Amino acid sequence: MINKNVIIEIEFQVCERLLNFFNNVIYMPLNRIIELKNNEGFMKYLKNTSWLFLEKIIRMFAGLFVGAWLARYLGTDKFGIYSYVISFVGLFQVLATLGLDNFVIKRLVTEPNKKDLLLGTAFALKLIGTFVMISVLLITINFTSNDLHTNILILIIASSAIFESFKVIDFYFQSKVLSKFIVYSNITSLIISSLIKVYLILTQAPLISFMYVFLIDSFVLALCYIFFFYKNNETLKSWRFKTKLAKQLILESWPLIISSMVVAIYMKIDQVMIKEMLGNSAVGQYGAAVKLSEIWFFIPVVISSSLFPAIINSKNKSIALYNDRLQNLYDLMIYIAVSITIPIVLASDFIVNILYGSQYTLTANILKIHIWSGLFVFLGVANSKWLINEKMQKYSMINTSIGAVVNIIGNYILINKMGVIGAAWSSLISYFIASYFCLALFNKTRPNFYRLSKSLLFISAFNKVKKIFNGK
């Protein structure tokens with residue numbers, strides 16, 4: 001027979017655990033929320049992130065419904081050409097961007113007195129890079145099996161990069177945590193381009209008309225950036241180019257330039273190879289699935305970009321705080337990625353049928369596989385911030401290079417064996433290797449491999465719950 005004192009002790013411990021759980025899960029977080037609400041710095045970052053999310057969510061819904069309508073209108077064959085052209089230009093896009101984004105933003109945060117030099121130099125570099133990209137494309141298309149019409153479409157889209165040089169104004173707003181002006185600009189260009197696409201669909205316009213929309217969209221966005229830049233009492237006239245600074249930026253970013261180029265290869269090469277191996281219709285089926293899979297990729301970019309300044313500053317305060325914030329960021333990425341992936345896998349047949357119709361017969365099966373790559377994309381985006389902050393960009397280049405090689409070889413083998421489904425498996429494997437597995441190969445990146453593993457395997461989440469339950 002159980003001693004009465006033992007029962008009382010057990011009941012006491014249960015009540016104590018429940019009280020601790022209530023205190024840590026409900027009472028303490030509520031107090032913390034109230035404290036954070038009065039924290040000016042926290043509210044500034046929260047508002048900034050909220051603005052970015054608002055724009056991206058609007059863009060997501062516009063892209064989802066207008067994009068799906070466009071896919072239905074064009075059909076698998078023409079939509080395949082449309083997707084192929086965008087992917088082909090994407091392979092060379094890094095020559096226009098030069099991987100400068102994070103470096104310029106970081107220096108604008110740490111060296112605000114050099115704003116005009118940084119913006120002027122970055123703008124000039126991007127403009128030069130755009131003309132280099134167009135020149136390389138003019139040479140490259142001669143070695144493809146494309147017809148003249150497809151090559152013209154490629155050059156139209158590539159030309160839009162000229163206006164994207166004004167995106168350096170975006171860097172300025174990010175460094176000042178003033179993302180609402182970026183949102184105003186992006187929403188304006190999005191509404192105009194979406195309305196034009198709808199009009200073109202209703203008037204049964206040819207495929208080439210939709211390519212000119214890219215050009216119009218970039219032009220409108222550049223005008224909006226300039227307008228809001230001036231509204232903030234800034235001027236383009238004060239921008240200055242400095243050769244020494246240009247060399248510094250290129251020297252800092254060259255590993256990321258190569259890395260971004262390789263990323264473009266392992267993100268876009270699948271559609272280029274599908275077109276060459278299986279034809280336009282297969283690209284259309286695959287492109288429709290990828291559109292649904294990649295539409296969520298803005299989330300890690302927005303979160304990481306908005307929190308990047310805070311993560312940089314935390315290292316100056318405490319290494320423990322820095323590591324804790326990194327782990328929390330990775331945990332958040334996994335929670336969001338999983339909450340997106342599982343519902344889409346379960347509802348993929350219904351989603352594809354509603355959005356694209358019965359002609360996209362293979363799209364749902366492709367989506368069920370490709371959507372899992374989001375887990376590694378979310379972690380990879382966050383990890384890239386760590387690599388930049390630790391000045392280890394070369395590892396990003398190495399990892400993505402390995403991922404690109406794996407994707408090319410995987411596509412060649414798996415497309416031949418499994419058709420368009422094989423390309424989805426190849427993409428998933430390459431994302432896993434480049435964004436996660438390769439971090440285990442090097443001593444300097446291995447600590448982050450362990451952090452990512454804790455998030456990916458929910459070890460970190462389990463430990464947090466365990467601490468809460470134990471009242472720690």
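What comes next concerns the included structure. Not measured: the values here are computed from a predicted model. (Residues numbered from 1 in each chain as written. Predicted model: local features only at pLDDT ≥ 70, side-chain atom pairs only at ≥ 80, totals over all residues. Heavy atoms only, no water.)

## Remarks on the packing of helix 13 (residues 319–355) against helix 18 (residues 446–456)
Helix 18 packs onto helix 13 with a crossing angle of 40 degrees between their chain directions and a minimal axis gap of 8 Å. Put simply, helix 13 runs oblique to helix 18. Crossing of helix 13 against helix 18: the hand is right-handed. Residues Asn-323, Leu-326, Gln-327, Tyr-330, Asp-331 and Ile-334 of helix 13 touch helix 18, and the partners they reach there are Asn-448, Arg-451, Leu-452, Lys-454, Ser-455 and Leu-456. A class-by-class count of the residues in the contact of helix 13 with helix 18 yields five nonpolar, four polar and three charged. (Axes fitted to C-alpha atoms, helices over the stretch in contact; angles between N-to-C directions. Helix = DSSP H or I, 4+ residues; strand = E, 2+ residues; numbered from the N terminus. Parallel < 35°, antiparallel > 145°, perpendicular 65-115°, else oblique. Left-handed = near helix turned anticlockwise from the far one by under 90°. Contact = heavy atoms within 4.5 Å. Nonpolar A, V, L, I, M, F, W, Y, C, P; charged D, E, K, R; others polar.)

## A look at helix 11 (residues 280–294)
Taking 1.5 Å per residue as the helical rise, helix 11 with its 15 residues ought to reach 21 Å, and the 20 Å between its terminal C-alpha atoms agrees with that figure. Burial analysis of helix 11 places twelve of its 15 residues in the buried class, the great majority of the element. Within helix 11 the residues assigned to the buried category are Ala-282, Val-283, Gly-284, Gln-285, Tyr-286, Gly-287, Ala-288, Ala-289, Val-290, Leu-292, Ser-293 and Glu-294. (Expected span 1.5 Å × (residues − 1). Buried < 20%, exposed > 50% of the residue type's maximum accessible area, 1.4 Å probe, protein only.)

## Quick look at the environment of Ile-402
Tracing the sequence through the fold places Ile-402 in helix 16 (residues 393–418). Residue classification places Ile-402 among the partly exposed residues on the basis of a relative accessible area of 30%. Ile-402 sits 36 residues away from Cys-438 along the chain, and the two C-alpha atoms are 8.2 Å apart. For Ile-402, the contacting residues outside a window of four places in its chain are Ile-433 and Cys-438.

## Re a nonpolar patch on the surface
Taken together, the side chains of Ile-398, Ile-402, Phe-432, Phe-437 and Leu-441 define a hydrophobic patch exposed on the protein surface, amounting to about 380 Å² of accessible area. Structurally, Leu-441 is set in the loop between helix 17 (420–435) and helix 18. According to the relative accessible area criterion, Leu-441 is partly exposed, its value standing at 43%. (Patch = residues over 30% accessible without salt bridge, like charges linked within 9 Å, V, L, I, M, F, W, Y side chains within 5 Å. Areas by Shrake-Rupley, 256 points an atom, 1.4 Å probe, with all protein chains shown as cover. Salt bridge = Lys/Arg side-chain N within 4 Å of Asp/Glu carboxyl O.)

## Observations regarding the packing of aromatic side chains
Tallying each qualifying case throughout the model produces 25 aromatic pairs. With a centroid separation of 6.4 Å and 80 degrees between ring planes, the pair formed by Phe-79 and Tyr-360 is classed as edge-to-face. In this pair, Phe-79 sits in helix 2 (residues 40–90) while Tyr-360 sits in the loop between helix 13 and helix 14 (363–370), placing the two residues 281 residues apart along the sequence. Like Tyr-360, Phe-79 is buried. The ring of Phe-214 is capped by Lys-197, whose NZ or CZ atom sits 5.8 Å from the centre of that ring. Between Lys-275 and the ring centre of Tyr-84, over which it is positioned, the NZ or CZ distance is 4.9 Å. (Phe/Tyr/Trp six-rings, centres within 6.5 Å; stacked < 30°, edge-to-face > 60°. Lys NZ or Arg CZ within 6 Å of the ring centre and 35° of its normal.)

## Points about the environment of Ile-162
With respect to the secondary-structure elements, Ile-162 resides in the loop between helix 6 (148–159) and helix 7 (168–175). Residue Ile-162 is classed as partly exposed on the basis of its relative accessible area of 28%. Linking Ile-162 and Ile-128, residues 34 residues apart in sequence, is a C-alpha distance of 9.2 Å. Apart from the residues within four sequence positions on either side, Ile-162 is in contact with Leu-127, Thr-130 and Ile-134.

## A closer look at unusual backbone geometry
One non-glycine residue, Gln-204, adopts positive backbone phi at about 55 degrees. For Gln-204, the position within the fold is in the loop between helix 8 (179–202) and helix 9 (207–231). Judged by relative accessible area, which is 63%, Gln-204 ranks as exposed. For Asn-233, which is not glycine, the phi dihedral falls at a positive 60 degrees. Along the chain, Asn-233 turns up in the loop between helix 9 and helix 10 (243–278).

## Remarks on the pattern of salt bridges
Oppositely charged side chains can pair when the atoms bearing their charge come close. Taken as a whole and judged by the stated rule, the model has five salt bridges. For Glu-111, the salt bridge is made with Arg-107, and the minimal N-O distance between the two is 3.0 Å. The salt bridge partner of Lys-115 is Glu-234, with a shortest N-O separation of 2.5 Å. Here the residue Lys-115 occupies a position in helix 5 (residues 115–140), and Glu-234 occupies one in the loop between helix 9 and helix 10, the gap between them amounting to 119 residues. The exposure class assigned to Glu-234 is buried, which follows from its relative accessible area of 15%. Here the salt bridges share partners, and the residues they tie into one network are Arg-107, Glu-111 and Lys-114.

## Concerning the side chain of Ser-426
On the secondary structure map, Ser-426 appears in helix 17. Using a relative accessible area of 2% as the deciding quantity, one classes Ser-426 as buried. Setting aside chain neighbours within four positions, we find Ser-426 in contact with Val-406, Asn-407, Gly-410, Asn-411 and Leu-414.

## What to know about the environment of Val-405
By the element assignment, Val-405 lies in helix 16. A relative accessible area of 48% places Val-405 in the partly exposed class. Along the sequence, Val-405 and Ser-430 sit 25 residues apart, while their C-alpha atoms lie 8.4 Å from each other.

## A short note on the nonpolar core
Core analysis: the biggest nonpolar cluster contains 100 residues, and Met-133 and Tyr-356 have the highest contact counts within it. Dropping the residues within four chain positions of it, Tyr-356 is found in contact with Ala-68, Ala-71, Arg-72, Ala-288, Lys-291, Leu-292 and Thr-363. Core analysis: the second largest hydrophobic core is formed by 31 residues, Val-94, Leu-119, Phe-171 and Ala-222 among them. (Core = buried A, V, L, I, M, F, W, Y, C linked by side-chain atoms within 4.5 Å.)

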